[in-house]
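Report on the structure
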Amino acid sequence: MTEPSTNEQKIREFKPRSDLAFYTIFISISAFYVFLIVAMLTAETTYTTPDHIWKAFAKPEIRYAIWLSLISCAITTVLSLWVSVPIGYLMSRHEFPGKTLIDAILDIPIVLPPLVIGLCLLILFQVEIPQIEWLNRMVAEKSGVEYLPSASTAQTDSVDDVIRKVTKVIFGKSIGVTYEIPSVILAQFMVACAFAVRTMRVTFDQIGPRYEQVALTLGCSRGQAFWRVVFPQAYRGLLAAGTLAWARSLGEFGPILVFSGATRMKTEVLPTTVFLELTVGNIEGAVAASLIMVVAALIVLVIARMFGLTRGAAI
């Protein structure tokens, strides 16, 4: 009879330890990192003036870089979502031989140095393949010249040369990839898509398969169950993946420098502008261009989060 009363007395006398030390350490670490980010951005803003920023906007090179950055980031985001949704779904829902290997391959663009990705792309498009005779003949016809097989001593073409010939036949204009605008989009896509794939896989992991299975038992096909049941539930992940892909694309520089070059008014995006301005000693111009990137990234991230919270509350 005495034991229960003793235990009850101990429970009554028990006082939880204070959480002050725990939260003090965690809040201090978090505050230090947030302060570092804010201090970094504040220091950059103090290095320039509104006049420098307006002068930067007045430059046609900067305006071209902004235009190309926005267009290429938008295309990269759409392509990344288009690819990441099916890959993320398959990796989340199905088990198959070699899944671990494919999962590791999908993460390679995340862990590889950006310069290495650019170098790999450059080498890929310079791989020599046998010449295609019928393609050479069609290019000659399109160019209005007589096709002479013996006149060509080279027996191989690079992948980039083949693409130029194909675009010549289809569009009447030779459009390559290496050191052209498509190379900017491809370099951004190779990095941004890996982050989008990872985000979409986590999204589909968090969506239970039960609703999808119920839809299948009610007569829906696999495609109907995906588009009507799974896809609407994945909108938050889709928004996060798109935002992440866009932000990664905007800040990508290493693969673009190697694969696209740093040519003014041609393959120049905002990170390239920062690099080119630094190389000529125009620190103010580089800071102004980088501030434009910071503001653009902040606007997109804030809008995306606000939109997601609103939609989430509505649902």
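Values in this document were obtained by computation on a predicted structure and should not be read as measured data.

Observations concerning the overall build of the protein chain
Helix and strand counts for the protein chain come out as 15 helices and two strands. A compact globule built from 315 residues should have a C-alpha radius of gyration of about 20 Å, whereas the protein chain, at 27 Å, is more than 25% larger. Dimensions along the principal axes, computed over C-alpha positions, put the protein chain at roughly 110 × 65 × 35 Å. The burial tally for the protein chain puts 33% of its 315 residues in the buried class. By sequence separation, contacts in the protein chain at least 24 residues apart represent 75% of the contacts at least 6 residues apart. In the form shown here, the protein chain has an accessible surface area of approximately 19300 Å², with 70% of it arising from carbon and sulfur atoms. With 26 positive and 24 negative side-chain charges, the protein chain shows a spacing of 7 Å between the two charge centroids.

Considerations on the pattern of salt bridges
Close approach of charged atoms allows side chains of opposite charge to pair. The full count for this structure, using the stated rule, is 15 salt bridges. Of the charged contacts in the structure, one is a salt bridge between Glu212 and Arg222, with a shortest N-O distance of 3.3 Å. You can see Glu212 sitting in helix H10 (residues 210-217) and its partner Arg222 sitting in helix H11 (residues 222-233), a full 10 residues away along the chain. Each member of the salt-bridge network shares a partner with another, and the members are Asp103, Asp107, Arg198, Arg201 and Asp205.

Thoughts on unusual backbone geometry
The backbone of Tyr179 shows a phi angle near 60 degrees, a positive value even though the residue is not glycine. Topologically, Tyr179 is positioned in the loop between helix H8 (159-171) and helix H9 (181-206). A residue is classified by how much of its surface remains accessible, and Tyr179, at 40% relative accessible area, is partly exposed. A positive phi is found at Met265, a non-glycine position, where the angle reads about 60 degrees.

A word on the environment of Thr49
Structurally, Thr49 is set in the loop between helix H2 (20-46) and helix H3 (50-58). Taking the C-alpha atoms as reference points, Thr49 and Pro109, 60 residues apart in sequence, are found 37 Å from one another.

Quick word on the packing of helix H4 (residues 60-93) against H9
Contact pair H4 / H9: the axes reach a minimum separation of 6 Å and the direction vectors enclose 40 degrees. In terms of crossing hand, the pair formed by H4 and H9 is right-handed.

Points about the UniProt feature "transmembrane region" (unreviewed entry) in the protein chain
Sequence positions flagged by UniProt for "transmembrane region" (unreviewed entry) are, in local numbering, residues 20-43, 64-85, 105-127, 177-197 and 286-307. Secondary structure across residues 20-43 divides into 100% helix and 0% strand, with the first and last C-alpha atoms of the span separated by 33 Å. End-to-end, the C-alpha atoms of residues 177-197 are 24 Å apart, and along that stretch the chain is 81% helix and 0% strand.

A word on the side chain of Thr273
Within the secondary structure layout, Thr273 lies in helix H14 (residues 270-279). Residue classification places Thr273 among the buried residues on the basis of a relative accessible area of 0%. For Thr273, the side chain forms a polar contact with the side chain of Glu268, separated by 2.7 Å. Once residues within four sequence positions are removed from consideration, Thr273 is found in contact with Ile62, Ala65, Arg264, Glu268 and Ala289.

Quick word on the packing of aromatic side chains
Summed over all chains, the structure comprises 11 aromatic pairs. Judged by centre distance (5.6 Å) and plane angle (85 degrees), the rings of Tyr89 and Phe204 are edge-to-face. You can see Tyr89 sitting in helix H4 and its partner Phe204 sitting in helix H9, a full 115 residues away along the chain. Here Tyr89 and Phe204 have matching classes, each one buried. Where Phe204 meets Phe226, the ring centres are 6.1 Å apart and the plane angle is 45 degrees; that geometry is what we call tilted. Note that Phe204 is positioned in helix H9 and Phe226 in helix H11, a separation of 22 residues in sequence. Classification of Phe204 by relative accessible area gives buried; the value is 0%.

So, the environment of Val258
Relative to the helices and strands, Val258 resides in helix H13 (residues 254-259). The spatial distance from the C-alpha of Val258 to the C-alpha of Ile102 is 26 Å, given a sequence separation of 156 residues. The residues contacting Val258, other than those within four sequence positions of it, are Leu115, Gly118, Leu119, Leu122 and Tyr179.

Thoughts on helix H7 (residues 133-143)
When we look at burial in H7, the residues that qualify are Leu135, Asn136, Val139 and Ala140. One side of H7 holds all its buried residues, which, seen down the axis, span an arc of 140 degrees. Across from the buried face of H7, at angles greater than 90 degrees, the exposed residues are Trp134 and Glu141. The secondary structure elements touched by the buried residues of H7 are strand E2 (156-158) and H8. One or two residues past the end of H7 sits Gly144, with phi positive at roughly 75 degrees.

Regarding a nonpolar patch on the surface
A surface patch of nonpolar side chains, amounting to about 650 Å² of accessible area, comprises Phe22, Tyr23, Ile25, Phe26, Ile27 and Ile29. Structurally, Ile25 is set in helix H2.

Cut-offs and rules
- Residues numbered from 1 in each chain as written.
- Predicted model: local features only at pLDDT ≥ 70, side-chain atom pairs only at ≥ 80, totals over all residues.
- Heavy atoms only, no water.
- Helix = DSSP H or I, 4+ residues; strand = E, 2+ residues; numbered from the N terminus.
- Rg over C-alpha atoms; globule rule 2.2 N^0.38 Å.
- Buried < 20%, exposed > 50% of the residue type's maximum accessible area, 1.4 Å probe, protein only.
- Contact = heavy atoms within 4.5 Å.
- Areas by Shrake-Rupley, 256 points an atom, 1.4 Å probe, with all protein chains shown as cover.
- Lys, Arg positive; Asp, Glu negative; His and termini not counted.
- Charge placed at Lys NZ, Arg CZ, Asp CG, Glu CD.
- Salt bridge = Lys/Arg side-chain N within 4 Å of Asp/Glu carboxyl O.
- Axes fitted to C-alpha atoms, helices over the stretch in contact; angles between N-to-C directions.
- Left-handed = near helix turned anticlockwise from the far one by under 90°.
- UniProt positions renumbered as here; feature names shortened; annotations may be inferred.
- Polar contact = N/O pair within 3.5 Å; in protein donor to acceptor, adjacent residues only side chain to side chain.
- Phe/Tyr/Trp six-rings, centres within 6.5 Å; stacked < 30°, edge-to-face > 60°.
- Arc of directions from axis to C-beta.
- Patch = residues over 30% accessible without salt bridge, like charges linked within 9 Å, V, L, I, M, F, W, Y side chains within 5 Å.

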